[in-house]
Amino acid sequence: MEAAKVNLFICSHREFFPIREIPTIKILLSAASEDKWDELSCVTFKNPMTALMLSIFGGLIGVDRIYIGDYFWGIVKTITCGGLIIWSVIDIFLIMGATKRNNYNTLFTILNS
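Below or above, wherever it landed, is the structure these notes cover. (Residues numbered from 1 in each chain as written. Predicted model: local features only at pLDDT ≥ 70, side-chain atom pairs only at ≥ 80, totals over all residues. Heavy atoms only, no water.)

**A short note on helix α4 (residues 48-58)**
In an α-helix, one turn spans 3.6 residues, which is why side chains three or four residues apart end up on the same side.
Now for step 1: Three or more residues of α4 are buried, namely Pro48, Ala51, Leu52, Ser55 and Gly58.
Now for step 2: Check the buried side of α4 and you find it contacts α5 (63-68) and α8 (86-111).
Now for step 3: Where α4 begins, the side chain of Asn47 points an oxygen toward the backbone nitrogen of Met49, at a separation of 2.8 Å. (Buried < 20%, exposed > 50% of the residue type's maximum accessible area, 1.4 Å probe, protein only. Helix = DSSP H or I, 4+ residues; strand = E, 2+ residues; numbered from the N terminus. Contact = heavy atoms within 4.5 Å. Polar contact = N/O pair within 3.5 Å; in protein donor to acceptor, adjacent residues only side chain to side chain.)

**Observations regarding the environment of Ala4**
Now for step 1: Tracing the backbone through its elements, the reader meets Ala4 in helix α1 (residues 3-13).
Now for step 2: On the basis of relative accessible area, Ala4 is assigned to the exposed category, the value being 54%.
Now for step 3: Counting along the chain gives 26 residues from Ala4 to Ser30, while the straight-line C-alpha distance between them is 9.9 Å.

**Some remarks on the side chain of Thr99**
Now for step 1: Mapped onto the fold, Thr99 is located in helix α8.
Now for step 2: Exposure remark for Thr99: the relative accessible area of 0% places this residue in the buried category.
Now for step 3: Among the polar contacts listed, one links the side chain of Thr99 to the backbone oxygen of Ile95, at a separation of 2.7 Å.
Now for step 4: If we ignore the near neighbours within four places in the chain, the residues touching Thr99 are Lys46, Asn47, Pro48, Ala51 and Ile68.

**Regarding the packing of helix α2 (residues 22-31) against α8**
Helix-helix packing: each pair is described by the crossing angle between the helix axes and the interaxial distance.
Now for step 1: Relative to each other, α2 and α8 sit at 20 degrees, their axes nearing to 11 Å. The angle between the axes of α2 and α8 places the two elements in the roughly parallel class. Handedness of the α2/α8 crossing: left-handed. Taking contact as the criterion, the partners of Thr24, Ile25, Leu28 and Leu29 in α2 are, on α8, Tyr104, Leu107, Phe108 and Leu111. (Axes fitted to C-alpha atoms, helices over the stretch in contact; angles between N-to-C directions. Parallel < 35°, antiparallel > 145°, perpendicular 65-115°, else oblique. Left-handed = near helix turned anticlockwise from the far one by under 90°.)

Put into structure tokens, the structure is as follows:
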């Protein structure tokens, strides 16, 4: 992929991925074929700040986990009422990192397909 496209992607999506993975993402994008650009343009990555807000206001019913694509854990969190509230409180601190990791996994899957 062209260097300009790689830099554009990195600049516009930096907050959606773990900071330590940015160099790896840059390498993966540089090695990717041009047709991956169209595929990446159609992907909507989950916003970590939105996940945090959902965790604060809807964490007891698992809305945050469902939003980031962890459907199983979202349902378990709903059934257990946020893990008897304890899991909901812990997720307030961890959900942004989980969102970024899920976004990275999505990007990695697209680039390696």
